[in-house]
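Structural features, examined
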Amino acid sequence: MAKICTAVYVYGIVQGVGFRYSTQRQAQKLGVTGYARNCDDGSVEVVAYGEPEAVESLMAWIKQGGPRGARVDRVLTEPHPTTAFETFNIRY
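Rules of the game
Residues numbered from 1 in each chain as written. Predicted model: local features only at pLDDT ≥ 70, side-chain atom pairs only at ≥ 80, totals over all residues. Heavy atoms only, no water. UniProt positions renumbered as here; feature names shortened; annotations may be inferred. Helix = DSSP H or I, 4+ residues; strand = E, 2+ residues; numbered from the N terminus. Buried < 20%, exposed > 50% of the residue type's maximum accessible area, 1.4 Å probe, protein only. Salt bridge = Lys/Arg side-chain N within 4 Å of Asp/Glu carboxyl O. Phe/Tyr/Trp six-rings, centres within 6.5 Å; stacked < 30°, edge-to-face > 60°. Lys NZ or Arg CZ within 6 Å of the ring centre and 35° of its normal.

This brings us to the UniProt feature "domain: Acylphosphatase-like" (unreviewed entry) in the protein chain. If you check UniProt for "domain: Acylphosphatase-like" (unreviewed entry), the listed places come out as residues 5-92 in our numbering. Split by type, residues 5-92 is 27% helix and 40% strand. Its first and last C-alpha atoms lie 20 Å apart.

All right, on to the environment of E56 then. By the element assignment, E56 lies in helix α2 (residues 52-63). Exposure remark for E56: the relative accessible area of 47% places this residue in the partly exposed category. Considered as a pair, E56 and T6 are 50 residues apart in the sequence and their alpha carbons are 9.4 Å apart.

On to the pattern of salt bridges, then. Under the criterion given, the structure shown has two salt bridges. As a salt-bridge pair, E45 and R37 come within 2.5 Å of each other at their nearest N and O atoms. Under the relative-accessibility criterion, E45 is labelled buried at 6%. Its relative accessible area of 33% is what places R37 among the partly exposed residues. For D73, the salt bridge identified is with R71, shortest N-O distance 2.8 Å.

Let's shift gears to the packing of aromatic side chains. The full count for this structure, using the stated rule, is two aromatic pairs. With 6.0 Å between their ring centres and 75° between their planes, Y35 and F85 make a pair best called edge-to-face. In this pair, Y35 is assigned in strand β2 (residues 33-38) and F85 in the loop between β4 (71-79) and β5 (88-91), connecting sequence segments 50 residues apart. In this pair, the class of Y35 matches that of F85, namely buried. The ring of Y11 has R74 lying over it, and the distance from NZ or CZ to the ring centre is 4.2 Å. Taking the ring centre of Y35 as reference, the NZ or CZ of R91 above it sits at 3.7 Å.

Okay, here's the thing in structure tokens:
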């Protein structure tokens, strides 16, 4: 099956609570590559690349609230120009 790439924008209390690190760990468990980074508006951008089921699992985990201490109020997703990533990184 063809791999997909999705951009996910996460709003709420998602900075300063380990959200990017927890997302990285979850992505690595699922075999998803890409990155997570804080945005200037207080949101977190996640770009996830992998098998459709794995990317969907990561998005479901994000929508359920991510790590303890985070509060996810809103999640927006959109297709991302497909790019193969080697690993899942945290960008600054």
